[in-house]
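Tertiary structure, described
What follows is each chain in one-letter form.
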Amino acid sequence: MLAAAAACICLATASCTDGYEDFNRNPNGVTKDETQRDAYAMRSAMLNLEGWIIPTDVNACQFTELLLGGSYGGYIADSNSGFNGKNFGQYCPENGWSRVMFNDIIPKMFIYSNEVANATDEPVPNAVAKVLKVMGIQRVTDCYGPIPYSKVGVNGEITAKYDTQEEVYTLMFQQLDEAINTLTENRTADFSSLADRIYGGKVEKWIKLANSLKLRMAMRISKANPTLAQQKAEEAINHEVGVMTSNDDNAMLTVVATNPFYVVMYEYNGGDSRVSADITSYMNGYKDPRRAAMFTEVSYSDVTGGYSGLRTGITIPDAATAHAYSNYAVAKDTKVLLMNAAEVSFLRAEAALKGWNAGATAKELYEQGVKLSFDQWGVSGADNYLADNASTPEGYKDPAGLNSYSGATSNITIAWEDGDNEKSLERIITQKWLANFPLGQEAWAEYRRTGYPKLMPVVVNNSGGTVNSARGARRLAYPQEERLNNLANYNDAVQMLGGADNMGTDVWWAK
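In short, a report on the structure. Computed from a predicted model, the values in this text were never measured in an experiment.

Attention now goes to the overall build of the protein chain. For the protein chain, the helix and strand inventory stands at 20 helices and four strands. Against the globule reference of 24 Å for 511 residues, the protein chain gives a C-alpha radius of gyration of 22 Å, in line with a compact fold. The dimensions of the protein chain, computed from C-alpha atoms along their principal axes, are 60 × 50 × 45 Å. Long-range pairs, those at least 24 residues apart, make up 75% of the contacts in the protein chain with a sequence separation of at least 6. Summed over all atoms, the accessible surface of the protein chain reaches about 17900 Å², with 47% contributed by carbon and sulfur. Taking the average place of the 45 positive charges on the side chains of the protein chain and the average place of its 60 negative ones, the gap between the two points comes to 2 Å.

Next up, the structure:
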């Protein structure tokens, strides 16, 4: 994606969205001539669909997963001073930034899933395409609330009527259940590994991912509709194939070109992002041995080693200062994480905490989640870590002396304690947050749902009073294009939202 990289050099002074549509063809794609050979039409459509969940397109990934989800989820901070006054972290994103989840992801999910259907009648690839479509659409509705879904055209035209977020979730559950049933009926019918860069065509792995996604969705709506949430969670956990239980089940996308996080954090202008001070402060306080696998050390001449992220929502300093903070230890060929078994264990732990049938106790599942995460990162010491009943997140001392935070974000410890469900919930969500790095969208959604992990407030709030600094951004405003091209449906959507179309209004499941 040399064109995309060249386009994003402008980010030091201008938005990457200038001419963005010219560059957002997925690098997993193939040429038109190639699609005529050996079932390439289905394979190319499936690969493109896989590549738009966490986008492998660098620009789309930057806008959705780093600048947006990473900032709001406590994982990633902006390190390009050219973003000051127009970024997510300061609650003042340009329309060109906040429209990407809506204007690009929704059409891609429809276009490529329909291309799979047009290319083959085989039930397994079409069921897999349904799972991927739901996975992508959930990320979009969780950003905005009501979105066009049931009425979107087959070619992804989004000038359509909106569904309420509750209706979107109802339809997603229905589609996911259909896919799970089809895949279970064909559980031994593996498909071409050439059409699948996540599981190499292994159907049982897709069943586990589909059930795990169903569990994630169930926990997401557990306050808004606890009855349905319990039903769907228990169906997923107790399905005959079940959910992810091993790191061999992790949904990891093999990249064709370069991992998009690497490009953004190392190649764009010397790195447009750095690791957030929120996650390094928690892990420093916990003396977490995963730090060495996840982050680079700070590079200030007067600081001897250690891990220190850049604080989110500040006046971004100059490049020489900003680039000295810890970075994500990602390589060019690092696989892109979509979902892991550790997250699933923590989801089950929360379900068990609610008294649902999760197959084990909350304590057992919590500790299993931590051990799975340590194993995923290739780090030892999980047993000693889990026995620590004293360490808490540390305060943030900015190595540049600019944006230190003297307050304590949390006093939650690591070792499991029975008897206080709210502390247990904070413990589960905090460790799930650490295990889910770098899935910023997921971190932001769970923060809005639960209030955990507790994060540092922004220093610069340019929302004009619409966003409470203590609670953070609750959603994205709809793209300006919706008011221009889809006004009647847009007005209906605002009524469905039940509040102003700004970043301070809660989505349905967060109310």
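A few words on unusual backbone geometry. Of note, the bond from F437 into P438 is cis; its omega dihedral lies within 30 degrees of zero at 10°. By secondary structure assignment, the location of P438 is in the loop between α17 (421–436) and α18 (440–450). Residue P453 is reached from Y452 by a cis peptide bond, and omega for that bond is -5°. Of note in this structure, Y91 is not a glycine but carries a positive phi near 65°. Tracing the sequence through the fold places Y91 in the loop between β1 (76–78) and α4 (95–98). Positive phi outside glycine occurs at N269, with the angle close to 55°. Examined against the element boundaries, N269 turns out to sit in the loop between α10 (260–267) and β3 (273–275).

What follows is about the packing of aromatic side chains. The description of an aromatic ring pair rests on the distance of the ring centres and on the angle between the ring planes. In the structure shown here, the tally under the stated rule is 29 aromatic pairs. With a centroid separation of 6.2 Å and 35° between ring planes, the pair formed by F102 and Y162 is classed as tilted. Within this pair, whereas F102 is found in helix α5 (residues 100–119), its partner Y162 is found in the loop between α6 (123–144) and α7 (165–185), the two being separated by 60 residues in sequence. Grouping residues by exposure puts F102 and Y162 together as buried. Pairing F346 with Y366 gives two aromatic rings, centres 6.1 Å apart and planes at 65°, and the pair type is edge-to-face. Highlighted residues: F346 in helix α14 (residues 341–353) and Y366 in helix α15 (residues 362–376), separated in sequence by 20 residues. Here F346 falls in the buried class, since its relative accessible area comes to 0%. Taken together, the ring pairs in this structure connect Y75, F261, Y282, Y286, F295, Y328, F374, Y385, W433 and F437 into an aromatic cluster. The ring centre of Y40 lies 4.4 Å from the NZ or CZ of R43, which sits over that ring. Stacked on the ring of F110, the Lys or Arg K133 has its end atom at 3.8 Å from the ring centre.

Burial analysis of α10 places six of its eight residues in the buried class, which makes it a mostly covered element. For α10, the full list of buried residues reads P260, F261, Y262, V263, V264 and M265. Residues of α10 that are buried in the fold lie against α3 (58–73), β1, β3 and β4 (336–339). Of the residues that open α10, the one with a side-chain oxygen 2.8 Å from the backbone nitrogen of F261 is N259. Within two residues after α10, N269 carries a phi angle of roughly 55°, on the positive side.

Summarising burial for α18: 11 of the 11 residues are buried, a large majority. Of the residues making up α18, those classed as buried are G440, Q441, E442, A443, W444, A445, E446, Y447, R448, R449 and T450. Looking at the buried positions of α18, the neighbouring elements they touch are α3, α5, α6, α8 (203–220), α14 and α17. Just beyond α18, the residue with positive phi is G451, at close to 85°.

A side chain with one charge can pair with a side chain of the opposite charge if their charged atoms come near. What the rule picks out here adds up to 28 salt bridges. Linking K130 and E178 is a salt bridge whose minimum nitrogen-to-oxygen distance equals 2.6 Å. Placement of the pair is K130 in helix α6 and E178 in helix α7, with a sequence separation of 48 residues. Residue K130 is classed as partly exposed on the basis of its relative accessible area of 34%. Where salt bridges share partners, they join D142, R216, R220, E343, E350, K432, E442, E446 and R449 into one cluster.

In contact at an axis separation of 11 Å, helix α11 (residues 277–285) and α17 are set at 115° when each is read in the N-to-C sense. On the basis of the axis angle, α11 is roughly perpendicular to α17. The hand of the α11/α17 crossing is left-handed. Residues D278, I279, Y282 and M283 of α11 form the contact with α17, whose own contacting residues are T430, W433 and L434.

Counting 153 residues, the largest nonpolar core has I106, I137, Y144, L183, W206, I279 and F437 as the members making the most contacts within it. The dominant element in this core, judged by the number of residues it contributes, is α6, at 12 residues. If near-sequence neighbours (up to four positions away) are discounted, Y144 is found in contact with S98, R99, V100, M101, F102, R475, L476, A477, Y478, P479, L497 and V507.

We now examine the environment of W509. Note that W509 resides in the segment after α20 (487–497). C-alpha of W509 to C-alpha of R220: the two residues are 289 residues apart in sequence and 6.8 Å apart in space. If we ignore the near neighbours within four places in the chain, the residues touching W509 are D142, Q165, Y169, R220, I221, K223, A224, A445, R448 and R449. For W509, the side chain forms a polar contact with the side chain of D142, separated by 2.8 Å.

Our focus in this paragraph is the side chain of S273. Within the secondary structure layout, S273 lies in strand β3. Residue classification places S273 among the buried residues on the basis of a relative accessible area of 0%. In this structure S273 touches L66, L67, I76, A77, D78, S79, V264, M265 and N327, once residues within four positions along its chain are discounted.

Thresholds applied
- Residues numbered from 1 in each chain as written.
- Predicted model: local features only at pLDDT ≥ 70, side-chain atom pairs only at ≥ 80, totals over all residues.
- Heavy atoms only, no water.
- Helix = DSSP H or I, 4+ residues; strand = E, 2+ residues; numbered from the N terminus.
- Rg over C-alpha atoms; globule rule 2.2 N^0.38 Å.
- Contact = heavy atoms within 4.5 Å.
- Areas by Shrake-Rupley, 256 points an atom, 1.4 Å probe, with all protein chains shown as cover.
- Lys, Arg positive; Asp, Glu negative; His and termini not counted.
- Charge placed at Lys NZ, Arg CZ, Asp CG, Glu CD.
- Phe/Tyr/Trp six-rings, centres within 6.5 Å; stacked < 30°, edge-to-face > 60°.
- Buried < 20%, exposed > 50% of the residue type's maximum accessible area, 1.4 Å probe, protein only.
- Lys NZ or Arg CZ within 6 Å of the ring centre and 35° of its normal.
- Polar contact = N/O pair within 3.5 Å; in protein donor to acceptor, adjacent residues only side chain to side chain.
- Salt bridge = Lys/Arg side-chain N within 4 Å of Asp/Glu carboxyl O.
- Axes fitted to C-alpha atoms, helices over the stretch in contact; angles between N-to-C directions.
- Parallel < 35°, antiparallel > 145°, perpendicular 65-115°, else oblique.
- Left-handed = near helix turned anticlockwise from the far one by under 90°.
- Core = buried A, V, L, I, M, F, W, Y, C linked by side-chain atoms within 4.5 Å.

Note that every value here comes from positions in space, so none of it alone points to a role or purpose.
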